[in-house]
Number of protein chains: 2
Amino acid sequence: MIVIRSIKKLSCYIKGQKKKTKTIGFVPTMGYLHEGHLSLVRRARKETDTVVMSIFVNPTQFSPHEDFKEYPRNLKRDIKLAESCGVDVIFYPSVKSMYPEGYLTYVNVEKITSVLCGRSRLGHFKGVCTVVTKLFNLVQPDIAYFGQKDFQQAVVIKRMVKDLNIPVKIRVCPIIREKDGLAMSSRNTYLNEREREDAKVIYKALCKAKEMILEGERNLKVVTGKMKNLILSKPTSKIDYIAIVDTENLNPLEEIKGKILVAIACWIGKTRLIDNLIIKV
Amino acid sequence: MIVIRSIKKLSCYIKGQKKKTKTIGFVPTMGYLHEGHLSLVRRARKETDTVVMSIFVNPTQFSPHEDFKEYPRNLKRDIKLAESCGVDVIFYPSVKSMYPEGYLTYVNVEKITSVLCGRSRLGHFKGVCTVVTKLFNLVQPDIAYFGQKDFQQAVVIKRMVKDLNIPVKIRVCPIIREKDGLAMSSRNTYLNEREREDAKVIYKALCKAKEMILEGERNLKVVTGKMKNLILSKPTSKIDYIAIVDTENLNPLEEIKGKILVAIACWIGKTRLIDNLIIKV
């Protein structure tokens, strides 16, 4: 495995792979890898010849008051984990090389980025779309892998790829959870012992929603009300949103039918966590 | 030469060319071809193996009150002209295939798109950047060719390509003029006899500016004042802007030195025309 910092060197490497007609699998990450990321790598390893992982804490997807500076970073640890799963190249660019002086260009998906996480994280998806477009242009992957935990991100990226005719396939892979159900996230490291215990309630609330819906509850306010009560029963919790929406356009459901998305964003202490469940009715 | 309407067929064709390691030259146009476009084709023909021209009157770069519907179209004529200059493929997509139902994604370059033409044509460059990104993703050109007549467009596209790491080289080719100096434009067809006569004043004003600056005039207000008087001496004319700016960032000049851009946008009758001249001081 090699670690490439320079954009020029990466372009050279990618050209070489294309010449050899190798297919490229791409796993974009912000590092501080966990089993969620590694499951994407394993899938890429199975489906493509060359696996490229980017590690880049992207400043443009953080609002000024958010945790860009505090976001956990540990390249040494990431290198070991990536190598153990068969990554061929880690692309680890500097902020300055990705956004040099005079940078002015942004990619934005409208409408579906202003609901759910987009409502409380202004500009977040514009930053995500911009950096993902840049990385796609640099890595030129045949297939790119995203986690279902960031469900809205996956929907937005799929929309962007389709709209801009970007020649890449998008795979969205299942959420990987801790034994007690908490969805894996680099931000879980922020939680103290008490908060970590309380955080279990997020998945519990999702499971309760699933149970209620599968048992026939059709009043969504009853379902979200129950979820809200569960979440707020923990003293460290605060709700950003609880939503039951269409899996394609993220609109609130008019009828519970087909594939539906139950999604939560909440703070446990000062840590904002998200999780979701797709339910087939 | 072949004409391809379908995005799928174009992708197939491009894949085939890439497999044969052909280099691709790309000339994006809105059709109604003139010598300006053809000069780009000839340059592409010299520098690349396969020359693709797109003909697409892009609705997203027109404001609601602008001339999208009236814009001149004549595919038969364009096919003949393109073939005679050695175009290999004309890509001629429908609006519906480029912007299908549910379309939501836009590419925007900030700051340099809100001056000059961007001031009077709100959203114009957002539409241009979006369609050019889409076309680049579809055609995957090694080199793309733009005319200097749309100078701001060329500056914006170069910025976008650099910022988004799009793997394409941009060539900006000289303005082609009628014998009397009028810059070639598909919109010249809108002019009646009287207006066509008056339109000559645009290039005359640019030449006057060049003469004054090369003769030592350093007061830009004196230069633009003279240009304004010349343009307004024609009864059918109305000025949008006259600007003398930096060729890279399009900012007003603080000092006349190096390469500078003198640019005009004005209406002759109801027709909005643009032209420019680069002066080396």
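Residues numbered from 1 in each chain as written. Chains lettered and ligands numbered in written order. Predicted model: local features only at pLDDT ≥ 70, side-chain atom pairs only at ≥ 80, totals over all residues. Heavy atoms only, no water.

Colleague: Residues and numbers for the side chain of Arg159(A), please.
Modeller: Locating Arg159(A) in the fold gives a position in helix 7 (residues 151–163). Those residues within four positions of Arg159(A) in sequence are excluded, and the remaining contacts are Val109(A), Ile112(A), Glu101(B), Gly102(B), Tyr103(B), Leu104(B) and Thr105(B). (Helix = DSSP H or I, 4+ residues; strand = E, 2+ residues; numbered from the N terminus. Contact = heavy atoms within 4.5 Å.)

Colleague: Run through the domain arrangement of chain A, naming residues and quoting values.
Modeller: All names here are of chain A. Taken domain by domain, chain A holds domain 1 (2–173) and domain 2 (186–280). Taking only C-alpha atoms into account, the centre of domain 1 sits 26 Å from that of domain 2. Contacts between the two partners involve 21 residues from domain 1, matched on the other side by 17 residues from domain 2. Carbon and sulfur atoms make up 58% of the area that domain 1 and domain 2 hide from each other, which totals about 1,700 Å². Considering only the surface of domain 1 that becomes buried against domain 2, Leu116, Lys149 and Phe151 emerge as the three largest contributors, covering 33% of it. At the junction of domain 1 with domain 2, the criterion picks out 1 salt bridge. As a salt-bridge pair, Arg187 and Asp67 come within 2.8 Å of each other at their nearest N and O atoms. Between domain 1 and domain 2 we count 10 residue pairs in polar contact (both at pLDDT 80 or more) in total. Of all the secondary structure elements, the ones that give two or more residues to the side of domain 1 that touches domain 2 are helix 5 (117–120) and helix 7. (Domains from an automatic or database assignment. Buried area = accessible area lost by both parts, 1.4 Å probe. Salt bridge = Lys/Arg side-chain N within 4 Å of Asp/Glu carboxyl O. Polar contact = N/O pair within 3.5 Å; in protein donor to acceptor, adjacent residues only side chain to side chain.)

Colleague: Quick one: what's the story with the sheet that holds strand 10 (residues 271–280) of chain B, residue by residue and with numbers?
Modeller: Residue and element names in this part refer to chain B. If you walk across this open sheet you meet the 3 strands as 8-9-10, and the pairing is antiparallel. The strands lining the two open edges of the sheet, one partner per strand, are strand 8 (237–246) and strand 10. Strand-to-strand twist of the sheet, defined as the mean angle between neighbouring strand axes without regard to direction, takes the value 15°. Where strand 8 and strand 9 (residues 259–268) come together, 9 bridges link them in antiparallel fashion. (Pairing = 2+ DSSP bridges. Axes fitted to C-alpha atoms, helices over the stretch in contact; angles between N-to-C directions.)

Colleague: Give a detailed account of the interface of chain B and chain A, specifying residues and quantitative values.
Modeller: Opposite the 27 residues of chain B that make contact, chain A presents 27 residues. A buried area of about 2,300 Å², summed over both sides, lies between chain B and chain A, and 52% of it is on carbon and sulfur atoms. Area buried by chain B at its contact with chain A is led by Leu104(B), Leu164(B) and Asn165(B), which between them contribute 28% of it. Taken together, the connections running from chain B to chain A amount to 2 salt bridges. Salt-bridge contacts for Glu110(A) lead to Lys126(B); the nearest nitrogen and oxygen are separated by 3.2 Å. Elements with a contribution of two residues or more to the side of chain B that touches chain A: strand 5 (105–109), helix 6 (124–139) and helix 7 (151–163) of chain B. Per-element accounting of the side of chain B that touches chain A gives the leading share, 6 residues, to helix 6 of chain B. When its residues are assigned to classes, the side of chain B that touches chain A shows 12 nonpolar, 8 polar and 7 charged. (Nonpolar A, V, L, I, M, F, W, Y, C, P; charged D, E, K, R; others polar.)

Colleague: Break down the relation of the copies chain B and chain A for me, with residues and values.
Modeller: Screw-axis analysis of chain B against chain A gives a translation of 0.0 Å along the axis, an RMSD of 0.0 Å, and a rotation angle of 180°. Such a combination of rotation and displacement between the chain copies is what one expects of a two-fold axis. Within chain B, Val107(B) has its C-alpha nearest the rotation axis, a separation of 2.2 Å. (Least-squares fit on C-alpha atoms with pLDDT ≥ 70 in both.)

Colleague: Can you explain the packing of aromatic side chains? Please cite residues and give values.
Modeller: The full count for this structure, using the stated rule, is 14 aromatic pairs over all chains. Note on Tyr103(B) and Tyr106(B): the rings are 5.6 Å apart at their centroids and 75° apart in plane angle, and the pair reads as edge-to-face. By the burial criterion, Tyr103(B) is buried, and Tyr106(B) matches it. By the ring-pair criterion, three or more aromatic residues cluster together here, those being Phe56(A), Tyr99(A), Tyr103(A) and Tyr106(A). One cation-aromatic arrangement involves Lys126(A) over Tyr106(A); the distance from NZ or CZ to the ring centre is 4.8 Å. (Phe/Tyr/Trp six-rings, centres within 6.5 Å; stacked < 30°, edge-to-face > 60°. Buried < 20%, exposed > 50% of the residue type's maximum accessible area, 1.4 Å probe, protein only. Lys NZ or Arg CZ within 6 Å of the ring centre and 35° of its normal.)

Colleague: Account for the environment of Leu75(B), with residues named and values stated.
Modeller: For Leu75(B), the location among the structural elements is in helix 3 (residues 75–84). Residues Leu75(B) and Thr21(B), spaced 54 residues apart in sequence, show a C-alpha to C-alpha distance of 30 Å.

Colleague: Go over helix 9 (residues 220–232) of chain A with me, naming the residues and quoting the values.
Modeller: All names here are of chain A. For helix 9, spanning 13 residues, the distance from its first C-alpha to its last is 18 Å, which sits close to the expected 18 Å at 1.5 Å a residue. Taken together, the buried positions of helix 9 are occupied by Leu220, Val223, Met227 and Ile231. Projected onto a plane normal to the axis of helix 9, the buried residues spread over an arc of 70° and lie on a single side. Exposed residues on helix 9 whose side chains face more than 90 degrees from its buried face are Lys221 and Asn229. (Expected span 1.5 Å × (residues − 1). Arc of directions from axis to C-beta.)

Colleague: Quick rundown of the nonpolar core? Include the residues and the values.
Modeller: Residues Phe136(A), Met160(A), Phe136(B), Ile157(B) and Met160(B) are the most contacted members of the largest nonpolar core, which totals 98 residues. Beyond its immediate sequence surroundings of up to four residues, Phe136(B) is in contact with Phe26(B), Pro141(B), Ala144(B), Phe146(B), Ile157(B), Val161(B), Ile166(B), Val168(B) and Ile170(B). (Core = buried A, V, L, I, M, F, W, Y, C linked by side-chain atoms within 4.5 Å.)

Colleague: Mind laying out the sheet that holds strand 4 (residues 89–91) of chain A, listing which residues take part and the relevant values?
Modeller: Strand pairing in a sheet is mediated by backbone hydrogen bonds. Such pairs are either parallel or antiparallel. All names here are of chain A. The strand order 1-4-3-2-6-7 describes an open sheet built from 6 strands, whose pairing is parallel. Edge strands, defined here as strands with exactly one partner in the open sheet, are strand 1 (2–4) and strand 7 (169–173). Direction aside, the axes of adjacent strands within the sheet are offset by 25° on average. In the packing of helix 2 (residues 35–47) onto the sheet, contacts are made with strand 2 (24–29), strand 3 (50–55), strand 6 (143–147) and strand 7, and the angle to strand 6 comes to roughly 155°.

Colleague: Could you give an account of helix 10 (residues 220–232) of chain B, naming the residues involved and the relevant values?
Modeller: At its buried positions, helix 10 of chain B is contacted by helix 9 (200–214), strand 8 and strand 9 of chain B. If you check the start of helix 10 of chain B, you find a side-chain oxygen 3.0 Å away from the backbone N of Lys221(B), and it comes from Asn219(B).

Colleague: Before we move on, can you summarise the pairing of strand 3 (residues 50–55) of chain B with the specific residues and values?
Modeller: Residue and element names in this part refer to chain B. Within strand 3, 6 of the 6 residues are buried, leaving the element largely enclosed by the surrounding structure. The alternating pattern of strand 3 places Thr50, Val52 and Ser54 and Val51, Met53 and Ile55 on opposite faces, both of which are buried. One ladder, built from 6 bridges, connects strand 2 (residues 24–29) with strand 3; its direction is parallel. Its bridge partner lying in strand 3, Pro28 is registered against Ser54. Handedness of the β-α-β unit built from strand 3, helix 3 and strand 4 (residues 89–91) comes out right-handed. (Right-handed = clockwise from strand over helix to strand, strands pointing away.)

Colleague: Any details on the pattern of salt bridges? Residues and values, ideally.
Modeller: Residue and element names in this part refer to chain A. By the definition in use, this model includes 30 salt bridges over all chains. Where Asp88 meets Arg45, a salt bridge forms, and the shortest distance between an N and an O atom there is 2.9 Å. Taken together, the residues span a long stretch of sequence, with Asp88 in the loop between helix 3 (75–84) and strand 4 and Arg45 in helix 2 at a distance of 43 residues. Within this structure, Arg43, Glu47 and Arg171 form a network of salt bridges that share partners.

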